Amino acid sequence: MRVHMRKGIIILFWLCVWQAAAVITNNDILLVGPVRTAGALLYNMAEADFLRIVFCSAGRIGLGFFAALFCGLMLGALGCRYALMEEFLNPVMAALKSIPVASFVVLLLIWAGSSGLSFFISFLIVFPNVYVNTIAGLRSTDGQLLEMADVFGVGSLNRVLFLYRPALMPYLRSSLKISLGMSWKSGVAAEVIGLPQYSLGERLYMSKIYLDTAGLFAWTLLVILLSLLFEKAVLYLLKRLEDWKPYPFLPPVRQEEKMQSKEGPDGLREQRRNASPQICIRNVSKTYGKQKVLSDFSLTLAAGGRYCLMAPSGEGKTTLLRLLNHTLVPDAGTVEGVPKRIGMVFQEDRLCGEYDVAANILFTCRRGMGFGCAAQAKNKAAGTKEEMAGMVRAEAAKILPAECLTKTVNELSGGMKRRCAVLRAMLSGTELIVMDEPFAGLDEENRERTAAYILENLNGRTLFVTTHRTEDAALLDGEIVTLKDGEAVTLK
């Protein structure tokens, strides 16, 4: 209430200053006050063509704005994706930003006449701003989250909604705040020059011809009000889009991912062991500059095995994990048997912080394949996203406090985020689970609880974990793999 009262007092002060200036000038041709302006506005509103004038001008400028918004977003996305397209469009953007509006107006009058002039001018003013900010916003998307999406095989729609959209919104909002007012000012200015019928610009020009200063102020005030209303409406819709928190789209299971499993966890475990091929890393070498990390390295992971990699920093643990998750190609040798999608816990949690636990887990799921947990057969019956979200929350409650399941990930503690990352990997329905220090930040009680959950829900899937603690390897009952100089492998 105090804020509104302060704003009202400020507006009233400047209205009084305006009225005092008009009284002192005492010349209706040079300056009229707010009272005369309001009277002229009411008189104009009573005209038979008033609504037609407003709708025609607002329609042309609004269509130009939304056409520029759409083209800017689409071409900006393509320019971000394809560097060659951005290079081709850069000279066009530079020209649009530097050529004076008056030059465009004259050219468009010659080419298209006056009827669509405000549409094209509004488009040309808004389009470069949206295009440039779209590219900048999309390129600000967190690269670690994009890599996570690649590893889990996340579809394009979910990437747009959950990764690119949050990164783009601040840039788009900033662009539109500038473009909205500019589109109206430039559009009406074009109408003043082109004088299309039933336009605000035509009425401004006629007021000038007849020295009708009150009418000129009235039409100008109307333009300001329409511009503000248009800006508020567009920014409100943008805010609603920014605040929208949908559950992820669940793509169907691909043919190669389908599992004809038997009923019950034991049958599922047996089927997975028969279906999952072993993973073979053969004679792999990898060098970063002059530093050789892996040299003629070989390792075989049996289907359904549990492995704990323990080695000092710099011995190639991260390189080995990146070979397994398809984000690194070896200089020599081959990596065979790794599924296209894997469930992974990264060194960082790599979660979508604005969404809750269920949304982060569903982000990596497939429709109709279950989650890979002990209740796989039951989960396959879940058809809707709401049903799957309920089942995900039931699973998450096994290692997370119930009160945190409805909170966004940004509101969770570090240990809770880590367990959420573990849940995401375990419930993704993938055949290979890779975890980089999955118990980091957890106390002993939660380490044991999380490890028990992992073992209970592996169901014959292959598990590969890096850790610095022998206690963690013991909790997971895994074979210990040690590296030395990136060449030797010892199993204990």
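Residues numbered from 1 in each chain as written. Predicted model: local features only at pLDDT ≥ 70, side-chain atom pairs only at ≥ 80, totals over all residues. Heavy atoms only, no water.

**Student:** Break down the pairing of strand S3 (residues 306–310) for me, with residues and values.
**Tutor:** Counted residue by residue, S3 has 4 buried out of 5 residues, so it is predominantly covered. In the sheet, S3 pairs with strand S7 (residues 462–466) via 4 bridges, with the strands oriented parallel. Each residue of the ladder has a partner; that of Tyr 307, found in S7, is Phe 464. (Buried < 20%, exposed > 50% of the residue type's maximum accessible area, 1.4 Å probe, protein only. Helix = DSSP H or I, 4+ residues; strand = E, 2+ residues; numbered from the N terminus. Pairing = 2+ DSSP bridges.)

**Student:** An account of the sheet that holds strand S4 (residues 332–336) is requested, with residue identities and associated values reported.
**Tutor:** Where strands meet in a sheet, backbone hydrogen bonds hold them as pairs that are either parallel or antiparallel. Taken in spatial order, the 3 strands make up an open sheet running S2-S1-S4, and their pairing is antiparallel. Among the strands making up the open sheet, the edge pair consists of strand S2 (291–301) and S4. Here the average twist between neighbouring strands, direction ignored, is 20°. Two strands pair when backbone bridges link them, and strand S1 (residues 279–288) and S2 are joined in this way by 7 bridges, in the antiparallel orientation. Looking across to S2, one finds that Cys 280 is bridged to Thr 300. (Axes fitted to C-alpha atoms, helices over the stretch in contact; angles between N-to-C directions.)

**Student:** A description of the packing of aromatic side chains should follow, citing residues and the corresponding values.
**Tutor:** Tallying each qualifying case throughout the model produces 12 aromatic pairs. With 5.2 Å between their ring centres and 80° between their planes, Phe 119 and Phe 120 make a pair best called edge-to-face. The exposure class assigned to Phe 119 is partly exposed, which follows from its relative accessible area of 25%. The exposure class of Phe 120 is partly exposed, given its relative accessible area of 34%. Both rings, one in Phe 123 and one in Phe 127, keep their centres 5.5 Å apart while their planes meet at 10°; by these two values the pair is stacked. Taken together, the positions of Phe 123 and Phe 127, both in helix H6 (residues 117–139) and 4 residues apart, correspond to about one turn of that helix. Since its relative accessible area comes to 6%, Phe 127 is described here as buried. Three or more aromatic residues joined by ring pairs make a cluster, and in this case those are Phe 65, Phe 66, Trp 184 and Phe 230. Positioned above the aromatic ring of Tyr 198 is the side chain of Arg 52, whose terminal nitrogen or guanidinium carbon lies 3.8 Å from the ring centre. Over the face of the ring belonging to Tyr 355 we find Lys 245, whose NZ or CZ atom lies 5.7 Å from the ring centre. (Phe/Tyr/Trp six-rings, centres within 6.5 Å; stacked < 30°, edge-to-face > 60°. Lys NZ or Arg CZ within 6 Å of the ring centre and 35° of its normal.)

**Student:** Break down a nonpolar patch on the surface for me, citing the residues and quoting the values.
**Tutor:** On the surface, Ile 10, Phe 13, Trp 14 and Val 17 cluster together to form a nonpolar patch covering roughly 430 Å² of accessible area. Turning to its location among the elements, Val 17 is positioned in helix H1 (residues 2–25). (Patch = residues over 30% accessible without salt bridge, like charges linked within 9 Å, V, L, I, M, F, W, Y side chains within 5 Å. Areas by Shrake-Rupley, 256 points an atom, 1.4 Å probe, with all protein chains shown as cover. Salt bridge = Lys/Arg side-chain N within 4 Å of Asp/Glu carboxyl O.)

**Student:** Let's hear about unusual backbone geometry: which residues, and what values?
**Tutor:** At His 326, a residue that is not glycine, the phi angle is positive and equals roughly 70°. Residue classification places His 326 among the partly exposed positions, given a relative accessible area of 44%. For Asp 477, which is not glycine, the phi dihedral falls at a positive 50°. Mapped onto the elements, Asp 477 comes out in the loop between helix H18 (470–476) and strand S8 (479–484).

**Student:** So what's going on with the nonpolar core? Which residues, and what values?
**Tutor:** If you look at soluble globular proteins, the nonpolar side chains tend to sit buried side by side. In terms of nonpolar packing, the biggest core is built from 47 residues, with Phe 65, Ile 121, Leu 176, Trp 184, Leu 200 and Leu 222 touching the most fellow members. Secondary-structure elements contributing two or more residues to this core are helix H2 (34–45), helix H3 (50–81), helix H4 (83–98), helix H5 (101–112), H6, helix H8 (156–194), helix H9 (200–209) and helix H10 (213–243). The leading source of residues in this core is H6, at 11 residues. With residues near it in sequence (within four places) discarded, Phe 65 still touches Ser 122, Val 126, Leu 176, Leu 180, Ser 183, Phe 230 and Val 234. Judged by nonpolar contacts, the second largest core, of 41 residues, contains Cys 308, Ala 425, Leu 427 and Leu 463. (Core = buried A, V, L, I, M, F, W, Y, C linked by side-chain atoms within 4.5 Å. Contact = heavy atoms within 4.5 Å.)

**Student:** Please give an account of helix H16 (residues 414–426) that cites residues and values.
**Tutor:** The terminal C-alpha atoms of H16, which comprises 13 residues, lie 19 Å apart, in line with the 18 Å expected from a rise of 1.5 Å per residue. For H16, the buried fraction is high: 11 of the 13 residues fall into the buried class. Buried within H16 we find Gly 415, Met 416, Arg 418, Arg 419, Cys 420, Ala 421, Val 422, Leu 423, Arg 424, Ala 425 and Met 426. The elements touched by buried residues of H16 are helix H7 (143–152), strand S5 (343–345), helix H13 (357–362), helix H15 (385–396), strand S6 (432–436) and helix H17 (444–457). (Expected span 1.5 Å × (residues − 1).)

**Student:** Report on the packing of H1 against H2, specifying residues and quantitative values.
**Tutor:** Between H1 and H2, the least distance of the axes is 8 Å, while the angle of their chain directions is 95°. The pairing of H1 with H2 is recorded here as roughly perpendicular in orientation. For the pair formed by H1 and H2, the contact residues are Leu 15, Trp 18 and Gln 19 on the first element and Pro 34, Val 35 and Thr 37 on the second. Of the residues belonging to the contact of H1 with H2, the class tally is 4 nonpolar, 2 polar and no charged. (Parallel < 35°, antiparallel > 145°, perpendicular 65-115°, else oblique. Nonpolar A, V, L, I, M, F, W, Y, C, P; charged D, E, K, R; others polar.)

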